[in-house]
Amino acid sequence: MNKVIKERLEEIVALMNDPEITVIEKEVKEKLESILELLNHPEEFAMEKQEHKKKLEKVAVLVKNARVDPDIEIEYCALDGSNDPYVLVTYVVSKYTKPTRKISIGDAMLQRTPEDIVNQITFSIAEFKSEIDSVEMG
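For the structure given in this document, a descriptive report is provided here.

Rules and cut-offs
Residues numbered from 1 in each chain as written. Predicted model: local features only at pLDDT ≥ 70, side-chain atom pairs only at ≥ 80, totals over all residues. Heavy atoms only, no water. Axes fitted to C-alpha atoms, helices over the stretch in contact; angles between N-to-C directions. Helix = DSSP H or I, 4+ residues; strand = E, 2+ residues; numbered from the N terminus. Parallel < 35°, antiparallel > 145°, perpendicular 65-115°, else oblique. Contact = heavy atoms within 4.5 Å. Nonpolar A, V, L, I, M, F, W, Y, C, P; charged D, E, K, R; others polar. Core = buried A, V, L, I, M, F, W, Y, C linked by side-chain atoms within 4.5 Å. Buried < 20%, exposed > 50% of the residue type's maximum accessible area, 1.4 Å probe, protein only. Salt bridge = Lys/Arg side-chain N within 4 Å of Asp/Glu carboxyl O. Expected span 1.5 Å × (residues − 1). Arc of directions from axis to C-beta. Pairing = 2+ DSSP bridges.

1. With respect to the packing of helix H1 (residues 2–17) against helix H2 (residues 25–40)
Contact geometry of H1 with H2 gives a least axis separation of 10 Å together with a crossing angle of 170 degrees. Considering their axes alone, H1 and H2 lie roughly antiparallel with respect to each other. Residue-level contacts link Val4, Ile5, Arg8, Leu9, Glu11, Ile12, Leu15 and Met16 of H1 to Glu27, Val28, Lys31, Leu32, Ser34, Ile35, Leu38 and Leu39 of H2. Considered class by class, the residues forming the contact of H1 with H2 number 11 nonpolar, one polar and four charged.

And the structure:
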(Lines give C-alpha, C1' and ligand atoms only; values in the text may rest on other atoms or scores of the structure.)
Protein backbone atom coordinates (compact mmCIF):
# COMPACT_ATOMS: atom_id res chain seq x y z
CA MET A 1 0.00 0.00 0.00
CA ASN A 2 2.90 2.35 0.74
CA LYS A 3 4.13 1.91 -2.83
CA VAL A 4 0.77 2.98 -4.24
CA ILE A 5 0.56 6.01 -1.95
CA LYS A 6 4.11 7.00 -2.89
CA GLU A 7 3.33 6.68 -6.61
CA ARG A 8 0.20 8.78 -6.29
CA LEU A 9 2.03 11.46 -4.32
CA GLU A 10 4.77 11.47 -6.96
CA GLU A 11 2.07 12.00 -9.61
CA ILE A 12 0.88 15.08 -7.74
CA VAL A 13 4.41 16.44 -7.39
CA ALA A 14 5.09 15.83 -11.09
CA LEU A 15 1.82 17.53 -11.98
CA MET A 16 2.64 20.54 -9.83
CA ASN A 17 6.20 20.83 -11.23
CA ASP A 18 5.35 20.45 -14.92
CA PRO A 19 5.70 23.90 -16.51
CA GLU A 20 3.85 22.74 -19.63
CA ILE A 21 0.64 21.91 -17.79
CA THR A 22 -1.83 24.29 -16.26
CA VAL A 23 -2.69 22.63 -12.98
CA ILE A 24 -6.34 22.61 -12.20
CA GLU A 25 -7.24 22.66 -8.53
CA LYS A 26 -9.83 19.98 -9.20
CA GLU A 27 -7.18 17.54 -10.50
CA VAL A 28 -5.00 17.91 -7.42
CA LYS A 29 -8.02 17.58 -5.16
CA GLU A 30 -9.14 14.36 -6.91
CA LYS A 31 -5.67 12.84 -6.62
CA LEU A 32 -5.44 13.72 -2.93
CA GLU A 33 -8.92 12.31 -2.31
CA SER A 34 -7.88 9.02 -3.91
CA ILE A 35 -4.92 8.84 -1.53
CA LEU A 36 -7.16 9.58 1.46
CA GLU A 37 -9.62 6.92 0.27
CA LEU A 38 -6.79 4.44 0.16
CA LEU A 39 -5.68 5.36 3.68
CA ASN A 40 -9.23 5.29 5.09
CA HIS A 41 -10.20 1.97 3.46
CA PRO A 42 -7.17 -0.31 3.36
CA GLU A 43 -9.46 -3.36 3.09
CA GLU A 44 -10.47 -2.26 -0.41
CA PHE A 45 -6.80 -2.07 -1.35
CA ALA A 46 -6.29 -5.59 0.03
CA MET A 47 -9.24 -6.88 -2.03
CA GLU A 48 -7.87 -5.20 -5.15
CA LYS A 49 -4.46 -6.72 -4.51
CA GLN A 50 -6.07 -10.17 -4.17
CA GLU A 51 -7.92 -9.67 -7.47
CA HIS A 52 -4.66 -8.65 -9.14
CA LYS A 53 -2.97 -11.77 -7.77
CA LYS A 54 -5.67 -14.00 -9.29
CA LYS A 55 -5.44 -12.13 -12.57
CA LEU A 56 -1.64 -12.51 -12.60
CA GLU A 57 -1.95 -16.25 -11.97
CA LYS A 58 -4.17 -16.53 -15.04
CA VAL A 59 -1.77 -14.35 -17.04
CA ALA A 60 1.13 -16.63 -16.05
CA VAL A 61 -0.73 -19.66 -17.41
CA LEU A 62 -1.70 -17.86 -20.62
CA VAL A 63 1.84 -16.55 -21.16
CA LYS A 64 3.25 -20.03 -20.64
CA ASN A 65 0.80 -21.44 -23.20
CA ALA A 66 1.44 -18.65 -25.72
CA ARG A 67 4.25 -20.12 -27.75
CA VAL A 68 5.45 -17.17 -29.76
CA ASP A 69 8.61 -18.61 -31.32
CA PRO A 70 10.79 -21.62 -30.50
CA ASP A 71 13.83 -19.30 -30.21
CA ILE A 72 12.11 -17.25 -27.51
CA GLU A 73 12.33 -18.29 -23.86
CA ILE A 74 9.67 -16.81 -21.58
CA GLU A 75 9.92 -16.66 -17.81
CA TYR A 76 7.11 -15.18 -15.73
CA CYS A 77 8.25 -13.51 -12.51
CA ALA A 78 5.64 -12.56 -9.92
CA LEU A 79 7.16 -10.49 -7.17
CA ASP A 80 5.68 -9.70 -3.82
CA GLY A 81 6.90 -6.41 -2.49
CA SER A 82 7.83 -3.12 -4.02
CA ASN A 83 8.50 -4.30 -7.59
CA ASP A 84 5.96 -4.95 -10.31
CA PRO A 85 5.61 -8.46 -11.72
CA TYR A 86 7.26 -8.95 -15.07
CA VAL A 87 7.93 -11.33 -17.93
CA LEU A 88 11.56 -11.97 -18.80
CA VAL A 89 12.00 -12.67 -22.51
CA THR A 90 15.21 -14.20 -23.87
CA TYR A 91 15.78 -14.49 -27.59
CA VAL A 92 18.29 -17.26 -28.30
CA VAL A 93 19.99 -16.02 -31.46
CA SER A 94 23.04 -18.26 -31.05
CA LYS A 95 24.88 -20.15 -28.35
CA TYR A 96 26.57 -16.93 -27.17
CA THR A 97 24.00 -14.32 -28.17
CA LYS A 98 20.96 -14.28 -25.93
CA PRO A 99 19.51 -10.77 -25.59
CA THR A 100 16.83 -10.33 -22.94
CA ARG A 101 14.03 -7.90 -22.26
CA LYS A 102 12.02 -7.37 -19.12
CA ILE A 103 8.34 -6.60 -19.77
CA SER A 104 6.82 -5.07 -16.65
CA ILE A 105 3.20 -5.60 -15.75
CA GLY A 106 2.35 -2.38 -13.96
CA ASP A 107 -0.83 -1.12 -12.34
CA ALA A 108 -2.12 0.38 -15.58
CA MET A 109 -1.79 -2.94 -17.36
CA LEU A 110 -3.48 -4.75 -14.47
CA GLN A 111 -6.68 -2.82 -15.16
CA ARG A 112 -7.08 -4.87 -18.37
CA THR A 113 -8.36 -8.42 -18.78
CA PRO A 114 -5.83 -11.28 -18.57
CA GLU A 115 -6.27 -11.90 -22.29
CA ASP A 116 -5.51 -8.25 -23.11
CA ILE A 117 -2.43 -8.37 -20.89
CA VAL A 118 -1.18 -11.49 -22.69
CA ASN A 119 -1.88 -9.87 -26.07
CA GLN A 120 0.19 -6.85 -25.02
CA ILE A 121 3.00 -9.12 -23.82
CA THR A 122 3.03 -11.16 -27.03
CA PHE A 123 3.04 -7.93 -29.06
CA SER A 124 6.03 -6.70 -27.04
CA ILE A 125 7.79 -10.02 -27.59
CA ALA A 126 7.23 -9.83 -31.37
CA GLU A 127 8.49 -6.25 -31.36
CA PHE A 128 11.59 -7.29 -29.36
CA LYS A 129 12.29 -10.14 -31.78
CA SER A 130 11.98 -7.78 -34.77
CA GLU A 131 14.41 -5.31 -33.18
CA ILE A 132 17.00 -8.03 -32.56
CA ASP A 133 16.54 -9.51 -36.02
CA SER A 134 17.06 -6.10 -37.65
CA VAL A 135 20.29 -5.60 -35.68
CA GLU A 136 21.51 -9.13 -36.36
CA MET A 137 20.70 -9.00 -40.10
CA GLY A 138 22.28 -5.58 -40.41
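Still more ground to cover, so stick around.
2. Description of the nonpolar core
Core analysis: the largest hydrophobic core is formed by 18 residues, its most contacted members being Val59, Val87, Val89, Ile105, Ile117 and Ile121. Of all the elements, helix H5 (residues 114–137) adds the most residues to this core, at six residues. Beyond its immediate sequence surroundings of up to four residues, isoleucine 121 is in contact with Val59, Val63, Val87, Ile103 and Ile105.

3. Here we look at the environment of tyrosine 76
By the secondary structure assignment, tyrosine 76 is in strand S1 (residues 72–77). Each C-alpha atom of the pair tyrosine 76 and valine 89 lies 8.7 Å from the other, and the pair is 13 residues apart in sequence. Contacts of tyrosine 76, omitting those with residues within four sequence positions, involve Leu56, Ala60, Pro85, Tyr86, Val87 and Ile105.

4. Topic: the pattern of salt bridges
All told, the structure shown has three salt bridges when counted by the stated rule. Between lysine 58 and glutamate 115 there is a salt bridge, with its nearest N and O atoms 3.3 Å apart. Taken as a pair, lysine 58 in helix H3 (residues 42–65) and glutamate 115 in helix H5 lie far apart in primary sequence, 57 residues in all. What makes glutamate 115 partly exposed here is its relative accessible area of 38%. As a salt-bridge pair, lysine 129 and aspartate 133 come within 3.1 Å of each other at their nearest N and O atoms. Within this pair, lysine 129 and its partner aspartate 133 are both found in helix H5, separated by four residues, close to a single helical turn. On the accessibility criterion, aspartate 133 (21% relative accessible area) is partly exposed.

5. Topic: H5
Look at H5: 34 Å from first C-alpha to last across 24 residues, which is about the 34 Å you get at 1.5 Å a residue. If you follow the buried residues of H5, they end up packed against H3, S1, strand S2 (86–91), strand S3 (100–104) and helix H4 (107–110).

6. Examining H2
Residues three or four positions apart in an α-helix share a direction because the helix packs 3.6 residues into each turn. Between its terminal C-alpha atoms H2 stretches 22 Å, which fits the 22 Å expected from 16 residues at 1.5 Å a residue. Turning to H2, its buried residues are Val28, Ile35 and Leu38. The buried side chains of H2 occupy one side of the element, clustering within an arc of 85 degrees when seen end-on. Seen from the open side of H2, the exposed residues pointing more than 90 degrees away from its buried face are Glu25, Lys26 and Asn40. Buried positions along H2 lie against H1 and H3.

7. Digging into the sheet that holds S1
Read across the sheet, three strands follow the order S1-S2-S3 without closing on themselves; strand pairing throughout is antiparallel. Strands at the two margins of the open sheet, each flanked by one partner only, are S1 and S3. With direction set aside, neighbouring strand axes in the sheet form an average angle of 20 degrees. Summarising the sheet, S2 and S3 pair through five bridges and their orientation is antiparallel. The residue of S3 that forms the bridge with leucine 88 is lysine 102.

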